[in-house]
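Inside the fold
Given next are the chains, with one letter for each unit.
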Amino acid sequence: MTKADLVDKVTALGDLTRRDGEVIVDTLFDAVIGALKTGDKIEIRGFGSFRTRQRNARTGRNPKTGAKVDVPAKRVPFFKPSKELRDSVNPNGAAKSRPTASKKAVDKEHIDPHHPPAM
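- The protein is annotated in an unreviewed UniProt entry as Integration host factor subunit beta from Tunturiibacter lichenicola.
- Under the UniProt heading Sequence similarities (unreviewed entry), the entry covering the protein gives this text: "Belongs to the bacterial histone-like protein family."

Structure below.
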C-alpha cells in the first residue's frame, strides 16, 4: 500500500475531500516523525509502538572493494507490533521462530552487539 492508497482509504471513510485526507495522513506521519526525532516513544493501542534504538559504532566493509569503513553510532527507528496486530496477521497461531528454550536463556546466549536492547 502506498501513501496515495492510504489517503484514498481515509477519504472514503467519510465526507472528506482528497485534500482533507492528505492533510490527515500527513499530520499523522509528521507527528510520528517529530516524536521520534525528539526521542519520544509512540504507542498506539492495538497497533504497536514506535521508538528509536541506538546502534553502536562499528567497523564495516565495503562490499565492492573489501576496504574497512568506520560506521558511526546512530539512532534508528524501530517498530514493535502489538499482540493484537501479530495475532491478526497470523490468525492460526503460527509457531514462533525461536527455539523452545526459555526466553531469558535465549536472550542471555545471544546478544547482538550492534543492536542493543531499547533503553
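1. Focus: the side chain of S82
- With respect to the helices and strands, S82 occurs in the loop between β5 (74–81) and α3 (83–89).
- A distance of 3.2 Å separates a polar side-chain atom of S82 from the backbone oxygen of G46.
- Sequence-distant contacts of S82, that is, excluding residues within four places in its chain, are made with G46, F47 and G48.

2. Quick look at helix α2 (residues 18–37)
- With 20 residues, α2 should reach 28 Å at 1.5 Å per residue; the first-to-last C-alpha distance of 28 Å fits that figure.
- Listing the buried residues of α2 in full gives G21, V25, V32, A35 and L36. Buried residues along α2 cover an arc of 115° about the axis, so they all sit on one side. Opposite the packed face of α2, turned more than 90 degrees from it, sit the exposed residues R19, D30 and K37.
- Contacts made by the buried residues of α2 are with α1 (3–13), β1 (42–44), β2 (48–55) and β5.
- Backbone geometry just after α2 places G39 at a positive phi near 90°.

3. Quick look at the sheet that holds β5
- Read across the sheet, 3 strands follow the order β1-β2-β5 without closing on themselves; strand pairing throughout is antiparallel. One side of each edge strand has no neighbouring strand; the edge strands of this open sheet are β1 and β5. On average, adjacent strands in this sheet sit at an angle of 30° to one another, irrespective of strand direction.
- Alignment of β2 against β5, held across 8 bridges, turns out to be antiparallel. Note that in β5 the partner of G48 across the bridge is P81.
- In this fold α2 packs onto β1, β2 and β5, with an angle of close to 35° to the strand it touches most, β2.

The rules behind each value
- Residues numbered from 1 in each chain as written.
- Predicted model: local features only at pLDDT ≥ 70, side-chain atom pairs only at ≥ 80, totals over all residues.
- Heavy atoms only, no water.
- UniProt positions renumbered as here; feature names shortened; annotations may be inferred.
- Helix = DSSP H or I, 4+ residues; strand = E, 2+ residues; numbered from the N terminus.
- Polar contact = N/O pair within 3.5 Å; in protein donor to acceptor, adjacent residues only side chain to side chain.
- Contact = heavy atoms within 4.5 Å.
- Expected span 1.5 Å × (residues − 1).
- Buried < 20%, exposed > 50% of the residue type's maximum accessible area, 1.4 Å probe, protein only.
- Arc of directions from axis to C-beta.
- Pairing = 2+ DSSP bridges.
- Axes fitted to C-alpha atoms, helices over the stretch in contact; angles between N-to-C directions.

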